[in-house]
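Here is what each chain is made of, one letter per residue.
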Amino acid sequence: MAQRNNCATSRFSGEMKKYPRNVVVVFLVSLCKLLPSTVVAGLYTASDQIILLSPDNVKPVLVNSSTAIVVEFYASWCGHCIAFSPVYKRLARDIKEWKPAVDLAAIDCADEESRKVCTGFGIRAYPTLKFFHAYGQNDSAGQAFKGFPRDVRGLRHHIVDQLENHQEPWPPACPPLEPTSQAEIDIFLETNNVQHLALIFEDVSSYIGREVTLDLLQFENIAVRRVLSTEEGLVTKMGVTEFPSCYLYYPGGNFTRLKVNIEARAFYSFALQRLPGVVRSGKPPPVTTDLINKQTEDPWRPFNRSSVYMADLESTLHYSLRVELAAHPVITGEGLTSLRKYISVLAEYFPGRPMLMNLLKSLNLWLQNQAGNQVSYQAFLEILENSAQAPDTALPEGVRWVGCQGSQPHLRRYPCGVWTLFHLLTVQAKKSDGSDPQEVLSAMRGYIRNFFGCRACAEHFENMAKESLTEVNTYSAAILWLWSRHNRVNNRIAGSLSEDPNFPKIQWPSPDMCKACHTVKDNGEHRWNNEQVLPFLQTYFSAERILTDYLEDESVVLAKQKEKRITLQQILEGQKRAERKARDAITAQTLPPPAHAAVEEEVEEYEEEEEEEEDEVVSDEEEEGMDGGAEMEGKTLEPTPWAPAETKLDPDRLHNSRKPSIVGMKTRDQQEDIVDLDSFVNQHYKAKVMQVATSSRVKQRTLQRNQEEQDSGPVFGLGMELDAGLGMVGLQPLEPDFGPNTRMQKRELTGRLFSSEEVGLGQGGRWVSMLSIGFSKVDISLCVILYFLSSMCLLAMYLFFRTRVRLRRAKVSLP
Ligand SMILES: Cc1cc2nc3c(=O)[nH]c(=O)nc-3n(C[C@H](O)[C@H](O)[C@H](O)COP(=O)(O)OP(=O)(O)OC[C@H]3O[C@@H](n4cnc5c(N)ncnc54)[C@H](O)[C@@H]3O)c2cc1C
Ligand SMILES: *[C@@H]1O[C@H](CO)[C@@H](O)[C@H](O)[C@H]1NC(C)=O
Ligand SMILES: *[C@@H]1O[C@H](CO)[C@@H](O)[C@H](O)[C@H]1NC(C)=O
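Numbering of residues starts from 1 in every chain and runs along the sequence as written. Following the order in which they are written, the chains are lettered starting with A and the ligands numbered starting with 1. It should be noted that, the model being predicted, local features are given only for residues of pLDDT at least 70 and side-chain atom pairs only at 80 or more, the latter also being counted only at that level, while totals for whole chains, interfaces and linings use all residues. To obtain the side-chain values, all non-hydrogen atoms of the structure were used and water was disregarded.

**Topic: the overall build of the protein**
Going along the chain from the N terminus, every DSSP run of H or I of four or more residues is numbered as a helix, and every run of E of two or more is numbered as a strand. Counting secondary structure elements, the protein contains 29 helices and 20 strands. Categorising residues by exposure relies on relative accessible area from a 1.4 Å probe, with only protein chains included: less than 20% of the type maximum marks a residue as buried, more than 50% marks it as exposed, and the intermediate range marks it as partly exposed. Out of the 815 residues in the protein, the part that is buried amounts to 52%. Here, two residues are considered to be in contact whenever any of their heavy atoms come within 4.5 Å of each other. In the protein, the proportion of contacts linking residues at least 24 apart, taken out of those at least 6 apart, comes to 75%. Only the protein chains shown count as cover for residues, with accessible areas throughout obtained via the Shrake-Rupley method and a probe of 1.4 Å. Working note: accessible area of the protein is about 38100 Å², and carbon and sulfur atoms make up 55% of it.

Put into structure tokens, the structure is as follows:
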């Protein structure tokens, strides 16, 4: 039971195929309930961008930190704390960009273990907020916020005050916050080499200048300073009449006014972050199309950034249905319910081309008619590939990203497509006048939770859904809910590794895309104008506006499908033939044979196998599958007991879904009957596989970890590591194999398909071992010795004749 701790996997993927299902699931579920599956500290979760304090981390976080930290001490049972928690979360999102200077933390004093910490800080009432200076000592008790405001704006101002009055040592990432003067600006421009200097002119009581300064602290090539309206020299010199207002100031005294829709913090920050040359620290600058074309195989497809492309949507469906779902050989329980809902909303609302709609409808019909509690992916695939050959029914094969193209292969693409797809579906559903406004969102939630490859994303999304999805009670609310949650994700991952420098995460739509969507409250705080956002989204995601550029023609898609079916049939027939021959050969060997005939047969077999090896299409695994006596295409074939789960016959695997099993080949040493010759050949093929893998068109990364490692932590941990390390990239845990041969677990890290050549090659090594069927070690060694002797003999003869010829020539040339 190596998988015992793997709560996340079992909870989300529900594919406990190889053990008696119920027992395992019940066991795992109960175990998961015992273990804290995620870090949930009372009122906050890991998705809230708030440091969750516990006795273990309180010292490392608070003592000698390079950032100032605000800590909320609360009790999860206290009503005021519960009421305050949404404000604190909003504050965290609001000042997310300030993190390098000041961060937010929270600790649940109702927690048995944490109580001592709270008593240590002298907390008597909840909630209490305290400000801890940067580089605080061990005994620092923090400064309490007395009678603090319960709104984001008030809290933010309070934090600005605390920062501005911060004692030495100053948090190094925090820019200067005090007002500037003409003299200072001149010195600044002489001594600093920034591209832009933004001056915000404002009254002394205004916080905008300091807030914008902090909003930009993570950006390079720009500095922001506030100038008070009382700084007469500058005000008159630049003719400033409006407060607040923002000017860009350049060496030599040149300046221009920053154009914004509304003179407010959000608009300044957005505009300044987008000035030419301004980049987020640590991020490479945006790359040009030429460079992208050099870096990636796919040529860049120019597109309109404010449009939705059908090519992205079809690519998303291809990846979702053919690749992501394929990781789940058997779909049961909650997974099956989710799949049904997902396909059902697609069939109902997806504004696709006729052939795709036909396919979705037949998938839907088939799924709804499956009476049992489980469905095999193989059977699903049958319908997906239109094996029944219904006319004008197909899902285009492969991906072709357009609006979701990334500047690098691991950026954007599939997750971008998933968002686009579901936004579109929420908008389409509104037109339908149905009776379940949550239909699309709950289908999305189920799909993400059960199948979406990025587990950390799924966890965050589930946190958001748990919090407020039930409040959605109209179709408009559903559209707006998804839009605002997507913006939360954008806020959380802005600047992270999954952010494409060419497509920075913004609060969407930007003021340039939808001016009317943005407005301010009386106090100058930014406010979304939902009355404008809703129609904007409805237009943006309307079926009529979807662009069909770069799509393959329906007739071409259908022809390809037909072709694919024919080749598939041929492959399967070829396999059958080869398998029959192999079986005959074995029978011939075990029975006393007419020696002559058997030899001929074997020779023939060698030739054929060699040929197929080059084709790199047929794998031993498929043959093994066929060995089980199963019939034609499509029937689920039971794998041999020792074979890994993946060895079921899956024609489509030729095109996608699994990595070449480089690792799998290693595990062959367990099989005693394979002689050294074999492992030599294996080595050779391994080298070849490596070569192909590295030179492959599609750059892929795999992360392999064995199960020992896996035991030590839940899958989420890894998911988040990867999330941090590689950005969000169609991260897809494959279910662990229990067979003795497969101690490795693989994860697929790219949203890319695996080309057939790689799959074929990966299996080549194992396939080659078929050659040794019926040979003993002695046989093979004899063979090798004989071969060696005969070649030495030939060599000797060659040398002999060569020297003779030379001698003769020499004689002839002599006078
Ligand atoms: C459910 C889900 C959860 C995710 N969670 C994480 C996570 O926790 N961590 C992580 O690193 N990545 C996560 N991702 C991936 C991440 O959100 C992006 O999809 C990915 O980084 C690609 O970003 P993108 O630039 O293509 O824009 P995306 O965010 O994918 O957006 C795609 C397109 O939708 C439009 N758009 C942007 N914002 C909105 C909006 N608010 N409303 C409507 N349309 C909008 C824009 O045109 C944009 O180009 C998640 C993805 C999904 C589907
Ligand atoms: C605090 O951190 C700084 C660097 O971040 C280090 O130089 C210093 O020694 C630390 N002080 C203590 C008391 O740990
Ligand atoms: C992009 O699409 C929008 C909306 O359809 C349109 O208004 C705009 O003109 C298009 N831009 C270009 C460059 O085609």
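**Brief notes about the confidence of the model for the protein**
Each residue carries a pLDDT score, the predictor's own confidence in it, on a scale running from 0 to 100. Chain-level statistics for the protein give a pLDDT mean of 76 and a share of 69% at 70 or above. Taken as a whole, residues 1-41 scores under 50 in pLDDT and shows 66 contacts with residues more than four places along the chain or in a different chain.

**So, the state of the cysteines**
We call a pair of cysteine sulfur atoms a disulfide whenever their separation is within 2.5 Å. On inspection of all chains with the given rule, the structure shows five disulfides. Here Cys-109 connects covalently by a disulfide to Cys-118, the sulfurs 2.1 Å from one another. Because the torsion about its S-S bond is -85°, the bridge between Cys-109 and Cys-118 counts as left-handed. Note on accessibility: Cys-109 and Cys-118 belong to one class, buried. Here Cys-454 connects covalently by a disulfide to Cys-457, the sulfurs 2.1 Å from one another. Between Cys-454 and Cys-457 the disulfide shows an S-S torsion of about 75°. By sign, it is right-handed. We classify Cys-454 as buried; its relative accessible area is 1%. Cysteine pairing in the protein follows 1-2, 3-4, 5-6, 7-8, 9-10, where each cysteine in a disulfide is numbered by its order in the sequence.

**Topic: the sheet that holds strand 3 (residues 51-52)**
Should DSSP find at least two bridges between two strands, the strands are taken to pair. One open sheet accounts for five strands, arranged 3-5-4-6-7; its pairing is mixed. Every other strand in the sheet has two partners, leaving strand 3 and strand 7 (143-144) as the edge strands with one partner each. Of the pairings in the sheet, the one linking strand 4 (residues 68-74) to strand 5 (residues 102-108) comprises seven bridges and is parallel in character. In the strand pairing of strand 5, Ile-69 is matched with Asp-103.

**Things to note about the pairing of strand 12 (residues 254-257)**
Note on strand geometry: in a regular strand, side chains alternate between the two faces of the sheet. Pairing between strand 11 (residues 245-250) and strand 12: four bridges, direction antiparallel. Residue pairing across strands places Tyr-250 opposite Asn-254, the latter belonging to strand 12. What sits between the antiparallel neighbours strand 11 and strand 12 is a turn of three residues, in which Gly-252 has the positive phi angle 85°.

**Some details on unusual backbone geometry**
As a rule of thumb, non-glycine residues mostly have phi less than zero, and peptide bonds are mostly trans rather than cis. That bond from Tyr-126 to Pro-127 is cis: its omega, -10°, falls within 30 degrees of zero. As for its position among the elements, Pro-127 is in the loop between helix 5 (115-120) and strand 6 (128-132). For the bond from Glu-168 to Pro-169, the omega torsion is -10°, close enough to zero to count as cis. Mapped onto the secondary structure, Pro-169 falls in the loop between helix 6 (152-164) and helix 7 (182-191). Phi angles above zero are rare outside glycine, and Asn-64 is one such case at about 55°. In this fold, Asn-64 is placed in the loop between helix 3 (58-62) and strand 4. Residues other than glycine seldom take positive phi values, yet Asp-392 does so here, at roughly 55°. Tracing the chain through its elements places Asp-392 in the loop between helix 15 (377-384) and helix 16 (414-430). Looking at Asp-392, the relative accessible area reads 35%, which means it is partly exposed.

**Re the sheet that holds strand 11**
Within a sheet, adjacent strands bond to each other through the backbone by hydrogen bonds, running parallel or antiparallel. Strand order across the open sheet formed by four strands is 10-8-11-12, with mixed pairing between neighbours. Edge positions in the sheet fall to strand 10 (222-228) and strand 12, since each of these pairs with one other strand and no more. Each neighbouring strand pair of the sheet contributes to a mean axis angle of 30°, computed without reference to strand direction. By the bridge criterion, five bridges tie strand 8 (residues 196-202) to strand 11 in an arrangement that is antiparallel. In the strand pairing of strand 11, Leu-197 is matched with Tyr-249. Interaxial angle, 0 to 180 degrees, is taken between N-to-C directions of lines fitted to C-alpha atoms, where a helix line uses only the stretch in contact. Packed onto the sheet, helix 10 (residues 265-273) meets strand 8, strand 10 and strand 11 and runs at close to 25° relative to strand 11.

**Let's talk about the environment of Ile-448**
Mapped onto the fold, Ile-448 is located in helix 17 (residues 439-450). Under the relative-accessibility criterion, Ile-448 is labelled buried at 4%. Sequence-wise, Ile-448 and Glu-459 are eleven residues apart; in three dimensions their C-alpha atoms are separated by 8.9 Å. In contact with Ile-448, other than residues within four places in its own chain, are Val-418, Arg-455, Ala-458 and Phe-461.

**Regarding the site of ligand 3**
Nearness here has a simple test: a residue counts as near a molecule or strand if at least one of its heavy atoms is within 4 Å of that partner. In the vicinity of ligand 3, the contacting residues are Asn-304, Ser-306, Ser-307 and Arg-545. Under the rule applied, a polar contact is a pair of N or O atoms within 3.5 Å (in protein, one hydrogen donor and one hydrogen acceptor; residues adjacent in sequence only if both atoms are side-chain atoms). Arg-545 is positioned with one of its side-chain polar atoms (N or O) 2.9 Å from an oxygen atom of ligand 3. Within the complex, 29% of the 360 Å² of free accessible area of ligand 3 lies under protein. We call Asp, Glu, Lys and Arg charged. Ala, Val, Leu, Ile, Met, Phe, Trp, Tyr, Cys and Pro are nonpolar, and the rest, Gly among them, are polar. Counted by class, the shell around ligand 3 contains no nonpolar, three polar and one charged residues.

**Points about the side chain of Thr-67**
Turning to its location among the elements, Thr-67 is positioned in the loop between helix 3 and strand 4. Classification of Thr-67 by relative accessible area gives buried; the value is 14%. With residues up to four places along the chain from it excluded, the contact list for Thr-67 reads Lys-99, Pro-100, Ala-101, Val-102, Asp-103, Ala-134 and Pro-171.

**Topic: the packing of helix 13 (residues 333-349) against helix 14 (residues 354-369)**
How two helices sit against one another is set out by the angle between their axes and by the gap between those axes. Where helix 13 meets helix 14, the closest approach of the two axes is 9 Å, and the angle between their N-to-C directions is 145°. Between helix 13 and helix 14 the crossing geometry is left-handed. Where helix 13 approaches helix 14, its residues Leu-336, Leu-339, Arg-340, Ile-343, Ser-344, Leu-346 and Ala-347 are matched on the opposing element by Met-357, Leu-360, Lys-361, Leu-363, Asn-364, Leu-367 and Gln-368. Looking at side-chain class alone, the contact of helix 13 with helix 14 contains nine nonpolar, three polar and two charged residues. What makes a crossing left-handed is the near helix being turned counterclockwise from the far one by less than a right angle; a clockwise turn instead makes it right-handed.

**A few points about a nonpolar patch on the surface**
Together, Ile-785, Leu-786, Phe-788, Leu-789, Met-792, Leu-795, Tyr-798 and Leu-799 make up a nonpolar patch on the protein surface, roughly 820 Å² of accessible area in all. Relative to the assigned elements, Leu-799 resides in helix 29 (residues 777-813). Classification of Leu-799 as partly exposed rests on a relative accessible area of 45%. In this analysis, a patch consists of residues with relative accessible area above 30% that form no salt bridge, clustered at 9 Å for like charges and at 5 Å for the nonpolar side chains Val, Leu, Ile, Met, Phe, Trp and Tyr. Salt bridges are counted wherever a side-chain nitrogen of Lys or Arg sits within 4 Å of a carboxyl oxygen of Asp or Glu.

**With respect to the pattern of salt bridges**
The final tally for this structure, using the stated rule, is 29 salt bridges. Where Arg-225 meets Glu-184, a salt bridge forms, and the shortest distance between an N and an O atom there is 3.2 Å. Placement of the pair is Arg-225 in strand 10 and Glu-184 in helix 7, with a sequence separation of 41 residues. By relative accessible area, Glu-184 is classed as partly exposed at 31%. Here the salt bridges share partners, and the residues they tie into one network are Asp-94, Arg-156, Glu-211, Asp-215, Arg-265 and Glu-525.

**Considerations on the environment of Leu-363**
Note on placement: Leu-363 falls in helix 14. It is 8.3 Å that separates the C-alpha atoms of Leu-363 and Ala-347, two residues lying 16 residues apart in sequence. Not counting residues up to four positions away in its chain, the partners in contact with Leu-363 are Leu-321, Ile-343, Phe-380, Ile-383 and Leu-384.

**Focus: the nonpolar core**
Residues enter a nonpolar core if they are buried and are Ala, Val, Leu, Ile, Met, Phe, Trp, Tyr or Cys, with the set joined through side-chain atoms within 4.5 Å. In terms of nonpolar packing, the biggest core is built from 90 residues, with Tyr-342, Phe-350 and Phe-380 touching the most fellow members. The element best represented in this core is helix 16, accounting for ten residues. Residues within four places of Tyr-342 in sequence aside, it is in contact with Leu-317, Ser-320, Leu-321, Leu-421, Phe-422, Ala-443 and Tyr-447. If you look at the next biggest cluster of nonpolar residues, it comprises 35 residues, including Leu-52, Ala-68, Val-70 and Ile-95.

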